[in-house]
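One letter stands for each residue in the lines below.
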Amino acid sequence: MLKTAFALPLLLQLVLAPAQKADTERLRDIRTVFVADIGNGERARLLKEEIINQLAQSKRIKTAASADEADATLSITTSQSAKNMDRFLGSFGNEETRIGSEVKTVVKVSCQLATRRTPALWTLTMTSESYSSKSEKDARMDVARKLARELLKAIDQDRKKTP
């Protein structure tokens, strides 16, 4: 009888464990994502909202209001740098071409999907050179679309693998 008293809770734990929310270890298990704050400014807030909208429109991933409610957390960081680029100056047909220099601002966006057990389940890095937009709003939408598309593609590819 004493052995049964100890075995019953263990058996119940094993049977009920799959019904509880487990720590996610694979992309294929991701169903809900929490998009962490990107920064304090208005631009950061708008980018976060656009990313949430893109994920919600896919209807394949739900977004959560907190990290505790989600299978994974999506963190995004941005950085800005300057890059000197050679620029050819001269008119068409002019044999004399001069070379000048132009300073170009490069924005880098780094994304990382993490779970409680896996700190870097998926990563993506984009630079402003990988999306060409004329306005800040268009650039924000391009980043959000590309991030959502690449994340969903990675999840789909992982789901197609055999378990």
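Refer to the preceding data block for the structure.
Parameters and conventions
- Residues numbered from 1 in each chain as written.
- Predicted model: local features only at pLDDT ≥ 70, side-chain atom pairs only at ≥ 80, totals over all residues.
- Heavy atoms only, no water.
- Helix = DSSP H or I, 4+ residues; strand = E, 2+ residues; numbered from the N terminus.
- Contact = heavy atoms within 4.5 Å.
- Areas by Shrake-Rupley, 256 points an atom, 1.4 Å probe, with all protein chains shown as cover.
- Buried < 20%, exposed > 50% of the residue type's maximum accessible area, 1.4 Å probe, protein only.
- Polar contact = N/O pair within 3.5 Å; in protein donor to acceptor, adjacent residues only side chain to side chain.
- Salt bridge = Lys/Arg side-chain N within 4 Å of Asp/Glu carboxyl O.
- Right-handed = clockwise from strand over helix to strand, strands pointing away.
- Expected span 1.5 Å × (residues − 1).
- Axes fitted to C-alpha atoms, helices over the stretch in contact; angles between N-to-C directions.
- Parallel < 35°, antiparallel > 145°, perpendicular 65-115°, else oblique.
- Left-handed = near helix turned anticlockwise from the far one by under 90°.
- Nonpolar A, V, L, I, M, F, W, Y, C, P; charged D, E, K, R; others polar.
- Core = buried A, V, L, I, M, F, W, Y, C linked by side-chain atoms within 4.5 Å.

Caption draft 1: Molecular detail of the overall build of the chain. Looking only at helices and strands, one finds three helices and five strands in the chain. Considering only contacts within the chain whose residues lie at least 6 apart along the sequence, 61% involve residues at least 24 apart. Roughly 11500 Å² of accessible area belongs to the chain as shown, and the carbon and sulfur atoms make up 52% of that amount.

Caption draft 2: Main features of the environment of threonine 32. Tracing the backbone through its elements, the reader meets threonine 32 in strand β1 (residues 32-35). For threonine 32, a relative accessible area of 17% corresponds to the buried category. Counting along the chain gives 41 residues from threonine 32 to threonine 73, while the straight-line C-alpha distance between them is 8.8 Å. Separated by 3.0 Å, the side chain of threonine 32 and the backbone nitrogen of aspartate 71 make a polar contact.

Caption draft 3: Focus on the pattern of salt bridges. As enumerated under the stated definition, the model contains 11 salt bridges in all. Residue lysine 153 is joined to glutamate 150 by a salt bridge in which the shortest nitrogen-to-oxygen separation is 3.6 Å. On the criterion of helical spacing, the pair formed by lysine 153 and glutamate 150 is a turn pair, its members being three residues apart in helix α3 (residues 136-160). On the basis of relative accessible area, lysine 153 is assigned to the partly exposed category, the value being 41%. Between aspartate 158 and lysine 161 there is a salt bridge whose closest N-O contact spans 3.8 Å. Residue class for aspartate 158 comes out buried when judged on its relative accessible area of 11%. Each of Arg28, Asp158 and Lys161 takes part in a single network of salt bridges with overlapping partners.

Caption draft 4: Structural context of the pairing of β1. By the alternation rule, side chains of β1 split into Thr32 and Phe34 and Val33 and Val35, which are all buried. The parallel pair β1 and strand β2 (residues 62-63), bridged by helix α2 (residues 42-58), forms a crossover whose chirality is right-handed.

Caption draft 5: Summary view of α3. When the terminal C-alpha atoms of α3 are compared, their 36 Å separation across 25 residues agrees well with the 36 Å that a helix rising 1.5 Å per residue should span. Of all the residues in α3, the buried ones are Ala139, Arg140, Val143, Ala144, Leu147, Ala148, Leu151, Leu152, Ala154, Ile155 and Asp158.

Caption draft 6: Inspection of the packing of α2 against α3 at higher detail. For the pair α2 and α3, the least separation of the axes is 9 Å and the interaxial angle reads 40°. On the basis of their axis angle, the class for α2 and α3 is oblique. The way α2 lies across α3 gives a crossing that is right-handed. Where α2 abuts α3, its residues Arg43, Leu46, Leu47, Glu50, Ile51, Gln54, Leu55 and Ser58 lie against Glu136, Arg140, Met141, Val143, Ala144, Arg145, Leu147, Ala148, Leu151 and Leu152. Residue composition of the contact of α2 with α3, by class: 11 nonpolar, two polar and five charged.

Caption draft 7: Representation of the nonpolar core. In this structure, Ile30, Ile51, Leu74, Ile76, Cys111, Leu113 and Trp122 are the most contacted members of the largest nonpolar core, which totals 28 residues. Counting residues per element, this core draws most heavily on α3, at eight residues. Dropping the residues within four chain positions of it, isoleucine 51 is found in contact with Val35, Ile38, Leu74, Ile76, Ala144 and Leu147.

Caption draft 8: Focus on the environment of serine 128. Locating serine 128 in the fold gives a position in the loop between β5 (122-127) and α3. Overall, serine 128 belongs to the buried group, its relative accessible area being 18%. For serine 128 and valine 107, which are 21 residues apart along the polypeptide, the C-alpha to C-alpha distance reads 5.1 Å. In this structure serine 128 touches Thr105, Val106 and Val107, once residues within four positions along its chain are discounted.

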